[in-house]
Amino acid sequence: MSQIVVTLPDGSELDVEAGSSVEDVAYEIGPGLGSDTIAGIVDGELTDKDEPLYEDCELVIVTEQSEEYLQVLRHSAAHIFAQALQRLHPDAKLTIGPPTDEGFYYDVTGVELSESDFEALESEMEAIIDADYEIERVERSRDEALELYADNEYKREILETEAADEETVSFYVQNDWQDLCRGPHVDSTGEVGAVKLLSIAAAYWRGDEDNDTLTRVYGTAFESEADLEAYLDRREQAKERDHRKLGRELDLFSIPDVTGPGLPLYHPNGKAILRELEAFVDGLNDAQDYDFVETPHLFRTELWKQSGHYENYVDDMFLLDVNDEEYGLKPMNCPGHATIFQQGSWSYRDLPIRYAENGKVYRKEQRGELSGLSRVWAFTIDDGHLFVQPESIEREVNVVMDQINAVLETFDLDYDVALATRPEKSVGSDGIWEQAESQLRDVLEASGMDYDVEAGDGAFYGPKIDFSFRDALGRNWDGPTVQLDFNMPERFDLSYTGEDNEEHQPVMIHRALYGSYERFFMVLIEHFDGNFPTWLAPEQVRILPVSDDNIGYAKQLKNRYLGDFRVEIEDRSWTVGKKIQTAHDDRVPYMLVVGDNEEEAGTVSVRDRFEEEAKDVGIETFRAHLEGEVDEKRIEPDFVE
Ligand SMILES: [Zn+2]
Ligand SMILES: [Zn+2]
């Protein structure tokens, strides 16, 4: 028998017989680990514990303590759902049913389902869990599998494409039910502690709009009821703060059918916030000597061919024919900026050149993937492109990191940082990659931030630093990025004259502080639950006259003292109680209640959105506070302590 070398997570190596299973290796490491083994991760891929290993590989043993365990358990829950479905609806056809970050889904057809079917399905799932059926992996020949799926064209398609070269395929069997599946799974249905079906949506077979429409049933599963309850609580909170719901209630934006999918309209309230966000990053860019540029939304596809986007992105691009010539809406701002640089002639003394643009881009995502502001067809990037000498990458990236820090601190968002390094396929010399990666590392080390290294996850054209935001509900969202690029300068033949009088190629740095405005706006809406910091709030102050007699005084306050702020007067003839309630619902940071007493004394009563109140406040005192709060971009209204 030949031997293979298995490398374990601690770097140690183990010689085992070729053909040993994941579980065999675990037993070699220790009998305790052997009996705890649920699955393995072989060269990064989750596999069954019975999977035989024939080649040298890296192996992680998955036990109940592993992060991946929940994924395995949820895949088993998807099977339990499918078994329950076919018990209640024998005509239901199964297609695919993978685990997801939040649970699992199964795409099915041949059955009409609505959420009113969930109760019956869930109790059938409970019965399957209570029966604690053993989950067994069985290898069958591909021909036998094709026969089993004689009337399921979807499973047959899988067998005839992905599995076309396999002699045998694996099934997972529980009781009298089975599914074509790579696994892995838990040992028995009873190990799934708690399940819940969540929603139904339409999906296309293989995600392609030209294919059949299927019914996607989403569910989730946990080890215990308590974990499930905690998840459902968080989900309820997330629903309450859903940016689509708050966007409607606070009149921030809309995405009506008539204007097209994924094409958001910003209403005055939403645009008020966007203008502040734009002004903030424009200010950060001004402070770092960026030059502002502007490029159109449409270019000849010649440009996209030169940049390489046409080759790689054409399916995601909106193309149009103009007088027999092909044009494309821009999916990225970079080629426009590279072309501006290309028009000049530069010496090393001119570098770095820094271009900034709040540039709108268009990407044709699958319609089924579009969702509120998180996935759209049209969005704006707070884009910036730097053209730098290779030796000054570190200095320039440091400057960008200072800008990113300013954003993170201002919004008080937690974040994660990752350095993504050279992938197997890449352009650029070893020398430039080493130089660039070591400079990025130095920046991160000097910053004192904790960061992960995602080895091999860089783009083919350069390494990058990616930030992701963590919002108030603990969810992660793509955030700022700093991306080095050795490819586009080559494609656009960019150069500068060096100190040696020779022509050199600059490195291009793509960077965004927010990422996309749409995504960032969505994060802010949900993170703050619509309670925007005062500097961002579309309406910062609402003056509430106690009676119509006090409207004149309210106007005087607004015009004479608060002209620099976004102030409204509530002049509807309502009770003060109703006026206060409405201002609360609209999440206005400050309310100034003014009646006869205040008018006589020349004061105001200040209420904030936490229902705290301060009476007899001089208007100058309030104005000075407001100015400080807005200038310093403080997170919460803090006049009434
Ligand atoms: Zn499966
Ligand atoms: Zn770019």
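See above for the structure.
Procedures and definitions
Just so you know, the residues in each chain are numbered from 1, in the order the chain's sequence is written. To read the labels, note that chains go from A and ligands from 1, taken in the order they are written. This being a predicted model, a pLDDT of at least 70 is required before a residue's local features are given, and a value of 80 or more before pairs of side-chain atoms are given or counted; all residues contribute to the totals for chains, interfaces and linings. The side-chain figures draw on all heavy atoms in the structure; neither hydrogens nor water molecules are used. Here the coordinating atoms are restricted to nitrogen, oxygen and sulfur within 2.8 Å of the metal centre, or 3.2 Å for Na, K and Ca, and because water is not among them the sites may look incomplete. Each residue is assigned to one of three classes by its accessible area relative to the maximum for its type, calculated with a 1.4 Å probe on protein chains only: buried under 20%, partly exposed between the two thresholds, exposed over 50%. To get an axis, fit a line to the C-alpha atoms, keeping to the stretch in contact for a helix; angles then go from 0 to 180 degrees between the N-to-C directions. Helix and strand labels come from DSSP, where a helix needs a run of H or I of at least four residues and a strand needs a run of E of at least two; each type is numbered from the N terminus. Angles are sorted into four bins: roughly parallel if under 35 degrees, roughly antiparallel if over 145, roughly perpendicular if 65 to 115, and oblique for all others. In a left-handed crossing the near helix is turned counterclockwise from the far helix by less than a right angle, and in a right-handed crossing that turn is clockwise. Contacts are assigned to residue pairs that have any heavy atoms within 4.5 Å of one another. Note that Gly is not counted as nonpolar here; it falls among the polar residues with everything else outside the nonpolar set of Ala, Val, Leu, Ile, Met, Phe, Trp, Tyr, Cys and Pro and the charged set of Asp, Glu, Lys and Arg. Paired strands are those between which DSSP finds at least two bridges. By convention a nonpolar core is built from buried Ala, Val, Leu, Ile, Met, Phe, Trp, Tyr and Cys residues, the set being connected through side-chain atoms within 4.5 Å. Only one rule defines a salt bridge in this text: a Lys or Arg side-chain nitrogen within 4 Å of an Asp or Glu carboxyl oxygen. What qualifies as a polar contact is a pair of N or O atoms within 3.5 Å, subject to a donor-acceptor requirement within protein and to the restriction that residues adjacent in sequence count only when both atoms come from side chains. What the arc measures is the spread of directions leading from the helix axis to the C-beta atoms. Note on aromatic pairs: the rings of Phe, Tyr and Trp (six-membered ring only in Trp) are paired at centre separations within 6.5 Å, and the planes decide the class, stacked below 30 degrees, edge-to-face beyond 60, tilted for the rest.

Draft legend 1. Looking closely at the coordination of the zinc ion (ligand 1). Distances from the zinc ion (ligand 1) to its protein donors, H75 (NE2), H79 (NE2) and C181 (SG), fall at 2.1 to 2.3 Å. Take H79: its relative accessible area is 1%, and that puts it in the buried class. Accessibility expressed as a relative area gives 8% for C181, which makes it buried.

Draft legend 2. Region of interest: the packing of helix 9 (residues 268–287) against helix 16 (residues 517–527). Relative orientation of the contacting elements helix 9 and helix 16 amounts to 115 degrees, with a least axis distance of 11 Å. Viewed along their axes, helix 9 and helix 16 adopt a mutual orientation that is roughly perpendicular. Regarding helix 9 and helix 16, the two cross each other, and that crossing is right-handed. Within the contact between the two elements, helix 9 uses G270, I273, L274, L277, E278 and V281 and helix 16 uses Y517, F520, F521 and L524. By residue class, the composition of the contact of helix 9 with helix 16 is eight nonpolar, one polar and one charged.

Draft legend 3. Molecular detail of the environment of A26. If you trace the backbone, A26 turns up in helix 1 (residues 22–29). Not counting residues within four places of it along the chain, the set of residues in contact with A26 comprises L33, G34, T37 and I61.

Draft legend 4. Structural context of the sheet that holds strand 30 (residues 541–545). Strand order in the open sheet made by the five strands is 31-30-32-33-34, with mixed pairing throughout. Edge strands, defined here as strands with exactly one partner in the open sheet, are strand 31 (567–569) and strand 34 (613–618). On average, each strand axis in the sheet is tilted by 25 degrees relative to the strand beside it, whichever way the strands run. Pairing of strand 30 with strand 32 (residues 590–594) involves five bridges; the strand directions are parallel. Residue pairing in the sheet places I543 in a bridge with L592 of strand 32. Sheet contacts for helix 18 (residues 576–585): strand 30, strand 32 and strand 33 (603–608); angle to strand 30, the most-contacted strand, approximately 170 degrees. Against the sheet, helix 20 (residues 619–631) makes contact with strand 30, strand 32, strand 33 and strand 34, and its axis sits at roughly 115 degrees relative to strand 34, the strand it touches most.

Draft legend 5. Region of the structure containing the sheet that holds strand 14 (residues 213–222). Taken together, the four strands give an open sheet; going across it, the order is 8-9-14-13, and neighbouring strands pair in antiparallel fashion. Edge strands, defined here as strands with exactly one partner in the open sheet, are strand 8 (93–94) and strand 13 (194–204). As paired elements, strand 8 and strand 9 (residues 104–109) share two bridges and run antiparallel to each other. From the neighbouring strand, K93 faces strand 9, where its bridge partner is T109. Lying on the sheet, helix 3 (residues 69–88) is in contact with strand 8, strand 9, strand 13 and strand 14; it crosses strand 9 at an angle near 30 degrees.

Draft legend 6. Structural detail: the nonpolar core. Membership of the largest hydrophobic core comes to 78 residues, with the highest contact counts inside it found for L277, V397, F411 and F622. A per-element tally of this core places helix 13 (residues 393–411) first, with eight residues. Formed by 37 residues, the second largest nonpolar core is a distinct cluster that contains I41, L94, Y133 and L197.

Draft legend 7. A look at the pattern of salt bridges. Applying the stated criterion across every chain yields a total of 42 salt bridges. E144 is paired through a salt bridge with R140; the nearest N and O atoms lie 3.7 Å apart. Among the salt bridges present, the one from E396 reaches R354, with a minimum N-O distance of 2.9 Å. Pair noted here: E396 is in helix 13 and R354 is in strand 21 (residues 353–362), with a separation of 42 residues, a long-range link. Residue class for R354 comes out buried when judged on its relative accessible area of 13%. Through salt bridges with shared partners, a single network forms among E539, R542, E570, R572 and D586.

Draft legend 8. Examining the environment of D586 more closely. Here D586 shows up in the loop between helix 18 and strand 32. Between the alpha carbons of D586 and D251 there is a distance of 9.5 Å; along the sequence they are 335 residues apart. Once residues within four sequence positions are removed from consideration, D586 is found in contact with L250 and R542. Reaching out from D586, the side chain makes a polar contact with the side chain of R542 at a distance of 2.9 Å.

Draft legend 9. Molecular detail of helix 17 (residues 551–561). Taken together, the buried positions of helix 17 are I551, Y553, A554 and L557. Summarising the axial view, the buried residues of helix 17 lie within an arc of 165 degrees, below the 170-degree limit, and thus occupy one face. Residues of helix 17 that are exposed and point more than 90 degrees away from the buried face comprise N559 and R560.

Draft legend 10. Quick peek at the packing of aromatic side chains. Applying the stated rule across the entire model yields 23 aromatic pairs. A centroid spacing of 4.4 Å and a plane angle of 20 degrees characterise the contact between F341 and F387, whose relative ring orientation is stacked. One end of the pair, F341, is in helix 12 (residues 334–342); the other, F387, is in strand 22 (residues 378–388), and 46 residues separate them in sequence. Of the two residues, F341 and F387, neither departs from the other in class, the shared state being buried. Centroid distance F411 to W535: 5.7 Å. Interplanar angle 45 degrees. Geometry classified as tilted. Separated by 124 residues along the polypeptide, F411 in helix 13 and W535 in the loop between helix 16 and strand 30 bring together distant segments of the chain.

Draft legend 11. Focus on unusual backbone geometry. Residue P184 follows G183 across a cis peptide bond; omega there is -5 degrees. Take P184: it is sitting in the loop between strand 12 (177–180) and strand 13. A cis geometry characterises the amide bond from L351 onward to P352, with omega recorded as 0 degrees. A positive phi angle is found at D493, which is not glycine, with a value near 55 degrees. Mapped onto the fold, D493 is located in the loop between helix 15 (488–491) and strand 27 (496–497). Phi is positive for N501, close to 70 degrees, though the residue is something other than glycine. Mapped onto the secondary structure, N501 falls in the loop between strand 27 and strand 28 (503–504).

Draft legend 12. Spatial organisation of the side chain of R363. Mapped onto the elements of the fold, R363 is located in the loop between strand 21 and strand 22. Among the polar contacts made by the side chain of R363, one reaches the main-chain carbonyl oxygen of P331 at a distance of 2.9 Å. In this view, R363 contacts D316, F318, P331, M332, V376, W377, F379 and I381; residues no more than four positions away in its chain are not counted.

Purely geometric stuff here, so don't read any function into it on its own.
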